[in-house]
Amino acid sequence: MTTETNTPPRKQSATSFLTTFRQLAQSVGPEAAPGLRRSLAGLILAAALQGFGLAVIAPLFTAAIVNPDIGHALYWFGLMAALMAAASALRWFAQGFDFDGRMVRATWRLRGQLGAKLREIPLEQLQNKRAGELNSMVLGNVDENLLYALTVLNLLFTAIVTPFCAALGIALFDWRMGLLLLLIFPTIVPLYRWRRPALGRGKRILGQAHQDASADVLEYTQGLAILRAAGRAGEKAERLSQTFHKLEAIQAFGHRKGAKPNIIVASIVELGLVIVLGIGVWLVVSGSLHPATLAAIFVIVVRLSEPLSTFILYTAMLEVMEAALERIGALMATKPLQQSHPMQMPSEFSIQFDNVDFAYAQSDTTAISNFNADLPEHSLTALVGPSGCGKTTLTRLLLRHFDPQQGSVKIGGVDLRNIPADQLNSLLSVVFQDVYLLNDSVLANIRMGRPEASDEEVRAAARAAQCLDFIERLPDGWQTPLGEIGGRLSGGERQRISIARALLKDAPIIILDEPTAALDTESELAVQRALDALIASKTVIVIAHRLSTIVGADQILVIEDGSLVQSGKHTDLHAETGRYARMWAAQGAVKKWSVAQ
Amino acid sequence: MAVDTDLNEDSPENSAPPIRKKRASPWRILKPVQTQIKLAMAISAGSALFGLAVMLQLMMVIQHLLAHPETVPWLWFIGAAICTVAAYVARLGAFNQAHYAAFRLERILRIGLAERLARVSLGYVETQGAGALAKVIHDDVKALHVFVADSTPLYARAYVTPVVTLGLLIILDWRLALVALLILALGYSILTRAQKQRRDMVRKYNTAREKVSAAVVEYVQAMPVVRNFDSGKTSFGRYQDALDGYLTVMLDWYRAAGFPARFSWLVLSPMPTLTLVLGTGLWLTSLDDLSVSRWLGVLLICTGMAEAMMPMMMLRHMIEKVTLSVIRIEEIMNAPELQHPSTVEPQSRLGLDPSAPALQFDNVTFSYGADLDPALRDISFSVPEGSVTALVGPSGAGKTTVARLIPRFWDVTSGRIMLGGHDIRDMTSDQLMEQVAFVFQESFLFADSIAENIRIGNPEASDEAVIAAATAAQAHDFICDLPQGYDTPVGERGVFLSGGQRQRISIARALLQSRPILVLDEATAFSDPENEAELIAALSALMKGRTVIMVAHRLATIRDADQILVFDKGQISERGDHDDLVAKQGIYARLWNNYEQAQNWSLGGTDADRTIAQEEPAQ
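Residues numbered from 1 in each chain as written. Chains lettered and ligands numbered in written order. Predicted model: local features only at pLDDT ≥ 70, side-chain atom pairs only at ≥ 80, totals over all residues. Heavy atoms only, no water.

Caption draft 1: A look at the overall build of chain A. The helix and strand inventory of chain A stands at 20 helices and 10 strands. Looking at chain A as a whole, 58% of its 597 residues qualify as buried. Look at the contacts in chain A between residues 6 or more apart in sequence, and 75% of them connect residues 24 or more apart. Within the structure as shown, chain A displays about 24,100 Å² of accessible surface, and the carbon and sulfur contribution to it stands at 57%. (Helix = DSSP H or I, 4+ residues; strand = E, 2+ residues; numbered from the N terminus. Buried < 20%, exposed > 50% of the residue type's maximum accessible area, 1.4 Å probe, protein only. Contact = heavy atoms within 4.5 Å. Areas by Shrake-Rupley, 256 points an atom, 1.4 Å probe, with all protein chains shown as cover.)

Caption draft 2: Molecular detail of the overall build of chain B. A count of helical and extended segments in chain B gives 23 helices and 10 strands. Looking at chain B as a whole, 57% of its 619 residues qualify as buried. Across chain B, the fraction of contacts at a sequence separation of at least 24, relative to all contacts at a separation of at least 6, is 76%. Carbon and sulfur atoms form 57% of the exposed surface of chain B, whose accessible area is close to 25,900 Å².

Caption draft 3: Fine view of the side chain of histidine 570 of chain A. Residue and element names in this part refer to chain A. The residue histidine 570 is located in helix α19 (residues 570-575) in this model. Given a relative accessible area of 2%, histidine 570 falls into the buried group. In terms of polar contacts, histidine 570 uses its side chain to reach the side chain of tyrosine 580, at 2.8 Å. (Polar contact = N/O pair within 3.5 Å; in protein donor to acceptor, adjacent residues only side chain to side chain.)

Caption draft 4: Expanded view of the packing of aromatic side chains. For the coordinates displayed, the defined rule picks out 21 aromatic pairs over all chains. Taken together, the aromatic side chains of Trp27, Phe147, Tyr155 and Tyr159 of chain B make up a single cluster linked through ring pairs. Here the guanidinium or amino end of arginine 262 of chain B rests over the ring plane of tryptophan 92 of chain A, the centre of that ring lying 4.3 Å away. (Phe/Tyr/Trp six-rings, centres within 6.5 Å; stacked < 30°, edge-to-face > 60°. Lys NZ or Arg CZ within 6 Å of the ring centre and 35° of its normal.)

Caption draft 5: Structural context of helix α6 (residues 130-172) of chain B. If you check α6 of chain B, its first and last C-alpha atoms are 62 Å apart, about what 43 residues at 1.5 Å a residue would give, namely 63 Å. In the structure, α6 of chain B departs most strongly from a straight axis at serine 151 of chain B, where the bend amounts to approximately 45° and where the proline proline 153 of chain B lies between one and four residues downstream. (Expected span 1.5 Å × (residues − 1). Bend = angle between axes of the 7 residues up to and from the residue.)

Caption draft 6: Highlighting the interface of chain B and chain A. Counting from both sides, the interface comprises 164 residues of chain B and, opposite them, 160 residues of chain A. Carbon and sulfur atoms supply 67% of the area buried between chain B and chain A, which totals about 14,500 Å² over both sides. On the chain B side of the interface with chain A, the three residues burying the most area are Phe229, Arg262 and Leu603 of chain B, jointly 6% of the side's total. The interface formed by chain B and chain A contains two salt bridges. Taking the shortest distance from any N to any O, the salt bridge between glutamate 248 of chain A and arginine 107 of chain B comes out at 2.5 Å. There are 12 residue pairs in polar contact (both at pLDDT 80 or more) connecting chain B and chain A. The element contributing the most residues to the side of chain B that touches chain A is helix α10 (residues 233-268) of chain B, with 20 residues. (Buried area = accessible area lost by both parts, 1.4 Å probe. Salt bridge = Lys/Arg side-chain N within 4 Å of Asp/Glu carboxyl O.)

Caption draft 7: Region of interest: the packing of helix α1 (residues 17-55) of chain A against helix α10 (residues 291-332) of chain A. Residues and elements named next belong to chain A. Here α1 crosses α10 at 175°, and the two axes come no closer than 15 Å. Taken together, α1 and α10 sit at an angle that is classed as roughly antiparallel. In this structure, α1 contributes Phe17, Thr20, Gln23, Leu24, Ser27, Leu54 and Ala55 to the contact, and α10 contributes Ile300, Arg303, Leu304, Leu318, Met321, Glu322, Leu325 and Glu326. (Axes fitted to C-alpha atoms, helices over the stretch in contact; angles between N-to-C directions. Parallel < 35°, antiparallel > 145°, perpendicular 65-115°, else oblique.)

Caption draft 8: Structural context of unusual backbone geometry. A cis amide bond, omega 0°, links histidine 341 of chain A with the succeeding residue proline 342 of chain A. Tracing the sequence through the fold places proline 342 of chain A in the loop between α10 and β1 (351-358). One non-glycine residue with positive phi stands out, namely arginine 400 of chain A, at about 60°. Here arginine 400 of chain A is to be found in the loop between α11 (391-398) and β4 (406-411). Here glutamine 474 of chain B, not a glycine, exhibits a phi torsion of approximately 60°, which is positive. In this fold, glutamine 474 of chain B is placed in the loop between α17 (463-472) and α18 (476-481).

Caption draft 9: Structural context of a nonpolar patch on the surface. Residues and elements named next belong to chain B. A cluster of nonpolar residues, Ile170, Trp174, Leu178, Leu181 and Leu182, forms a patch on the protein surface that exposes about 520 Å² of accessible area. It is helix α7 (residues 174-194) that provides the largest number of residues to the nonpolar patch, a total of four residues. Along the chain, leucine 182 turns up in helix α7. By relative accessible area, leucine 182 is classed as exposed at 57%. (Patch = residues over 30% accessible without salt bridge, like charges linked within 9 Å, V, L, I, M, F, W, Y side chains within 5 Å.)

Caption draft 10: Examining the side chain of threonine 162 of chain A more closely. Residues and elements named next belong to chain A. In this fold, threonine 162 is placed in helix α7 (residues 149-173). Engagement of the side chain of threonine 162 in a polar contact is seen with the backbone oxygen of threonine 158, the distance being 3.4 Å. Leave out the neighbours within four places in its chain, and threonine 162 touches Ala47, Gln50, Gly51, Leu54, Phe157 and Leu304.

Caption draft 11: View of a negative patch on the surface. A cluster of acidic side chains, namely Asp560, Asp562, Asp577, Asp579 and Asp580 of chain B, defines a negative patch on the protein surface. The topology assignment puts aspartate 560 of chain B in the loop between β8 (547-551) and β9 (563-568). (Lys, Arg positive; Asp, Glu negative; His and termini not counted. Charge placed at Lys NZ, Arg CZ, Asp CG, Glu CD.)

Caption draft 12: Molecular detail of the sheet that holds strand β2 (residues 368-375) of chain A. Residue and element names in this part refer to chain A. Pairing is antiparallel in the open sheet, where four strands are placed in the order β2-β1-β4-β5. At either margin of the open sheet sits one strand with a lone partner, and together these are β2 and β5 (414-415). Relative to β4, β1 is paired through five bridges, and the arrangement is antiparallel. Paired with aspartate 357 across the strands is glutamine 406, a residue of β4. Along the sheet face, α11 touches β1, β2 and β4 and points at about 115° away from the line of β1. (Pairing = 2+ DSSP bridges.)

Caption draft 13: Representation of the pattern of salt bridges within the structure. All names here are of chain B. Scanning the entire structure with this criterion turns up 28 salt bridges over all chains. The closest approach of N and O atoms between glutamate 337 and arginine 116, which form a salt bridge, is 3.1 Å. Placement of the pair is glutamate 337 in the loop between α13 (304-333) and β1 (359-366) and arginine 116 in helix α4 (residues 74-117), with a sequence separation of 221 residues. The class for arginine 116 is buried, based on a relative accessible area of 15%. As a salt-bridge pair, aspartate 289 and arginine 175 come within 2.6 Å of each other at their nearest N and O atoms. One end of the pair, aspartate 289, is in the loop between α11 (270-286) and α12 (292-301); the other, arginine 175, is in helix α7, with 114 residues separating them in the sequence. Members of the salt-bridge network, linked through shared partners, are Arg116, Arg119 and Glu337.

Caption draft 14: Region of the structure containing the nonpolar core. Ile57, Phe61, Ile411, Ile446, Leu512 and Leu534 of chain A together with Trp295 of chain B are the most contacted members of the largest nonpolar core, which has 248 residues in total. The residues touching phenylalanine 61 of chain A, leaving out its near neighbours within four places in the chain, are Val66, Ala292, Ala295 and Ala296 of chain A together with Leu278, Trp295, Leu296 and Leu299 of chain B. Val217 of chain A together with Met41, Leu144 and Met427 of chain B belong to the second largest nonpolar core, which has 86 residues in total. (Core = buried A, V, L, I, M, F, W, Y, C linked by side-chain atoms within 4.5 Å.)

Caption draft 15: Molecular detail of a positive patch on the surface. Together, Arg201, Arg204, Lys257 and Lys260 of chain A line one region of the surface with positive charge. Taken together, the elements giving at least two residues each to the positive patch come down to α8 (175-229) and α9 (233-285) of chain A.

Caption draft 16: The arrangement of the environment of proline 59 of chain A in detail. Residue and element names in this part refer to chain A. Within the element layout of this structure, proline 59 appears in helix α2 (residues 57-66). What makes proline 59 buried here is its relative accessible area of 7%. The spacing of proline 59 and arginine 396 is 337 residues in sequence and 77 Å in space, taken between C-alpha atoms. Leaving out residues up to four positions away in the same chain, proline 59 has contacts with Trp76 and Phe173.

Caption draft 17: Focus on the sheet that holds β9 of chain B. Residues and elements named next belong to chain B. Reading across the sheet, the six strands line up as β6-β7-β8-β3-β9-β10 and stay open at both edges, with mixed pairing between neighbours. Two strands close off the open sheet at either side, each with one partner strand: β6 (436-439) and β10 (571-576). In this sheet, neighbouring strand axes are inclined to one another by 20° on average, regardless of whether the strands run parallel or antiparallel. Where helix α20 (residues 532-543) meets the sheet, it contacts β6, β7 (517-521) and β8, and its direction lies at approximately 150° from that of β7.

Caption draft 18: Structural view of the confidence of the model for chain B. Residue and element names in this part refer to chain B. Model confidence for chain B is summarised by a mean pLDDT of 81, while 87% of its residues fall at 70 or above. Scored below 50 in pLDDT, residues 606-619 shows 23 contacts in the model against residues more than four places distant or in partner chains. Here the predicted complex carries an ipTM of 0.78, next to a pTM of 0.76. (pLDDT = per-residue confidence, 0-100.)

Caption draft 19: Inspection of the pairing of strand β6 (residues 428-431) of chain A at higher detail. Residues and elements named next belong to chain A. Neither face of β6 is exposed, since Leu428 and Val430 on one face and Ser429 and Val431 on the opposite face are all buried. Alignment of β6 against strand β7 (residues 509-513), held across four bridges, turns out to be parallel. The residue of β7 that forms the bridge with leucine 428 is isoleucine 509.

Caption draft 20: Looking closely at the confidence of the model for chain A. When pLDDT is averaged along chain A, the result is 82; 90% of the residues meet or exceed 70. Low pLDDT (under 50) marks residues 1-14 of chain A, which in the prediction has 21 contacts with non-local residues, meaning those over four places away or in another chain.

Right under this line is the structure:
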């Protein structure tokens, strides 16, 4: 299992509401940040007013019961109603940020920005993340954390600010009871501080257990055919069930651990309130507090006890929100590959690799070392060598998925880093071994090669790529959406669509990464014809395993462990005793093999 | 989300029996832990009752103090304190019970799903996709947690509190009860307006959300391609479109349901009830028509009804969210199992008829689904012991389907497949697997050591046997070069090995299994041509002395097969050996021609190059 063990060091507990707010403001963007600030201020103020409004119950009760004075009581009631109405109005106004759609707009903007960002971050970094992870970031995190932010914060404010202000208000009326209630707060704060990191720890243990279980499950479902063929599905299922038992134990453990701070805080709050009420009873008995005032305090305290004892739960939500905002922030902070100046476009399309050294970010060995090659314009160059030797890395360097650490890659003598990023792509066409078709019509899939192409031009490209016959057989012809029937196209047909796309683009440089490796014979023949149309008068780089397909290359580069070991034409290399000749001989032997031997 | 509620659990549309049966209910999936959940709910309800008891006792404390301000009402006060503790402990207990039940349910469901998958047809596994099934076992089961652990205790509270509260209110003072009830009715009626077009909205919302999700995945996965072709403009446009669609749906929702939802929230929050009950109480008190303690009692509990609405709304939302997961889980649980003979002793060895052909297809017709055209039509052939039969044909002709019917990925629709004179449906899977070994195109390795991966065929095999198999499969040398030799872990799904190396390990596995019949499903479609020569030597070793059925692309490899079956559109259109078939000038001859042409093609090839290509590899 290669689950990630080096979880990034997370900032501990020190993060406060202010940090959360700053992250929030950043996520909603400068357009919405002032509105968000006003809205949050409104929520806090509403919570405070509500607290004071509750506190008014004490004088109200006293006025109504102790020396019944209806006028006085009405005055207090009016004040309370006014405070409550003001709190409601403020809250109504503050929640407008959600309900007017401003928050939704902000998340829409943020997603757009995330999408734009994905387009410019170096592909190497992009491909280190799985699509599902990014999906949950763009969809899940944005939704769950921004859309619910105000709701969660509102609950939190009502749980903290309201009780606090109610206690303050009571203190104005009866300082002893108010002070006693206020005493509960200082005991909660350190508990809260202590709780946050503990929560994070529990989450990590649980996250790891889930990750392991998920990997085991995937292995089970993927290996099911083999397990069944070996008659060992039951046994593996046994092991899997052990994993599940273990997960359950960790969940229960985590639950106990995670619930503990919660229980302690809630116990202290509940106990504290009972003691305060007890002291209130004692004050009444000793004659310094009227029972009616105590009754009012009962009403107030009962209202406050639940939010106060559960506020820890909301801070847990806050924690999750913060982690997600952090991830979004990290993605937004990724830097694109640097653009060097002066910006320049090449005037011809030869390719040079000059002393190129390259190592992948997560690896300590070099993938390409001291590589030199010159690919003249309009020539056909083949890269051959064992899998993993660096052939594909070279093409990715040319596509600028990443930059070399040493040396340079040039087109027409111009360093790739000087070519404007969006124009570099216009110089290159790639046909990959794995074809990726968009969930769109056939027409749109081919047209993405050159969006401004006319229907006639798209048709011509499709014809040259041998696509016409099968496209016309599709249920809706050119308009058939490939998402639904993508699976019904054969590998060869999909490959031909990708070649049509490349033909339409008509870029001066073509990269072919084993375009026929995954095809059956009949498709292969058609794809081969399509390729012949594609590469006419272009600078071509091809990666091929089957050597017979590249005997006509102007130049064959034999690569081993990231270095160039041989180069030349087929006839020369074949005559030398070397790596190439050995590979050629081995493939010859394979061709002759048949089942009778 | 602020705007979702559906309070009338028993609205007519829901309670009509046929619809109800069809709609997956998250409650049904709780069955394995039902008792514990019921216990949790009962404790939770008890906690709610204790909570109300606290209020009544506090009321009594004040009543006592008003009458006798000089004595402490110990009885009531201690009662209130005890009930507070009891309510709290019960709430905690319910919470714990529900959580442990939820964890247990997760485990039970996961094990159940895994065991189910061990019994369904492999075809089902394949059509659903291993990734999707794993997601159900892990993620969908996990998604149940919120519902099972957090909602069920809440549910009990949300129902018990308002009912008991209403009763108490009426006993205390019916006029104030009426005030509280009126506010509740007001809030509720606005709520129902808010949820009027709710179903429709939820559907639109889900669709829009799925679109965004698909657009993100597409956008990210296709990034290398889209960047090359249009710097991502097209797919970015599609991504942006999906986002725009989502925005529109959300804004529409807020417009349609925003106001009533917001308003009902306001009305149902505790403050309006409290304020109005206070005001009314004040008025009644001034008329001397209400005792202080009753007023207090009402004030202490009056918000209970309105407050129960919020959790109920949340609950609705949660249930809706998990319903999709429940549907997916139940789908797997209800997937049809392969039929297994009840009459055969599972452990007994099968008496194979030596005179019968090793393998025989008898008028086999097979369709992937009742409403689909048959993928195979009336296929009959027999494979004598020790012979090699090759299945060829254009892609989609049905040859892989034939290969996969033998290990019972699916069962035939009609006809039968006989193995040594026995219908394979009358054999247990162990008996079948004793006879047949399979090498698939995809070689899958488990995250275990190399030796264990080879042993999967035969757990008792000695180290020597493992090494012998690996040697015959041309794998011994590269295994010895690995840091820990045979004990080297291969990494998750064998990622540390090349495709050719993985393939040779799976061949070693088949060698060790040492079964008389061998099915090769495109095992010669080399994923790593660098290792072709070794792979071929390995396959030759494996095929020696066995009855072989193979699906092959490379026609050259099957020139010498004893029997070649040419498939076309689900039928056998030609059969015979290579020379016969070439002479026939039919489909096979065409395939062979194409094959030779494709082999001789070279990129940008001139005629001169063609000649080289044709001559040299064949030397």
